[in-house]
Amino acid sequence: MSELAVVLVTAPDLDTAARIARTLVEERLAACGNLLPQVRSIYRWQGQVHDESEVLMVLKTRREGVEALRE
């Protein structure tokens, strides 16, 4: 039996997240993608602190498929 993995990814908006999740499921890189809108992310990028609204994607896949999903 394969080990399962849950991968957390953010996207800038719901349309982008839906397009990514649908593509990953269609290509069998993820079994499921849950989209959680209105996540507030505070992070450092290129030397600056950003405070952005994003969509969190919860992607479910097999552990051996994580690298292919990442690519």
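Residues numbered from 1 in each chain as written. Predicted model: local features only at pLDDT ≥ 70, side-chain atom pairs only at ≥ 80, totals over all residues. Heavy atoms only, no water.

Moving on, we get to the confidence of the model for the protein. Per-chain confidence: the protein averages 94 in pLDDT, with 99% of residues scoring 70 or above. Considering each helix and strand of the protein separately, the mean pLDDT is smallest for helix α2 (residues 66-70), with a value of 89, and largest for helix α1 (residues 14-26), with 97. (pLDDT = per-residue confidence, 0-100. Helix = DSSP H or I, 4+ residues; strand = E, 2+ residues; numbered from the N terminus.)

Here we come to the nonpolar core. The biggest cluster of nonpolar side chains holds 12 residues, and these are Ala-5, Val-7, Ala-11, Ala-17, Ala-21, Leu-24, Ala-30, Val-55, Met-57, Leu-59, Val-66 and Leu-69. Those elements giving two or more residues to this core turn out to be β1 (4-11), α1, β3 (48-62) and α2. Apart from residues no more than four positions distant in its own chain, Val-55 is found in contact with Val-9, Thr-10, Ala-11, Asp-13, Leu-14, Ala-17, Leu-35, Leu-36 and Pro-37. (Core = buried A, V, L, I, M, F, W, Y, C linked by side-chain atoms within 4.5 Å. Buried < 20%, exposed > 50% of the residue type's maximum accessible area, 1.4 Å probe, protein only. Contact = heavy atoms within 4.5 Å.)

Below, the discussion takes up the side chain of His-50. Here His-50 shows up in strand β3. Not counting residues within four places of it along the chain, the set of residues in contact with His-50 comprises Ser-41, Ile-42, Tyr-43 and Trp-45.

Attention now goes to the sheet that holds β3. Taken in spatial order, the three strands make up an open sheet running β1-β3-β2, and their pairing is antiparallel. Edge positions in the sheet fall to β1 and β2 (32-45), since each of these pairs with one other strand and no more. Here the average twist between neighbouring strands, direction ignored, is 30 degrees. Bridge count for β2 against β3 is 12 bridges, and the pairing is antiparallel. Paired with Leu-36 across the strands is Leu-56, a residue of β3. (Pairing = 2+ DSSP bridges. Axes fitted to C-alpha atoms, helices over the stretch in contact; angles between N-to-C directions.)

So, on to α1. The end-to-end C-alpha separation of α1 is 18 Å, in line with the 18 Å expected for 13 residues at 1.5 Å each. If you follow the buried residues of α1, they end up packed against β1, β2, β3 and α2. Two or three places before Asp-15, at the start of α1, stands the capping residue Asp-13, its side-chain oxygen 3.2 Å from that residue's backbone nitrogen. Looking one or two residues past α1, Arg-28 carries a phi angle of roughly 60 degrees, positive in sign. (Expected span 1.5 Å × (residues − 1). Polar contact = N/O pair within 3.5 Å; in protein donor to acceptor, adjacent residues only side chain to side chain.)

Right, let's get into the environment of Leu-4. Structurally, the position occupied by Leu-4 is in strand β1. Note on Leu-4: relative accessible area 68%, which makes it exposed. Taking the C-alpha atoms as reference points, Leu-4 and Ala-31, separated by 27 residues in sequence, lie 10 Å from one another. Every residue in contact with Leu-4, bar those within four places of it in the chain, is listed here: Thr-61, Arg-62 and Arg-63.

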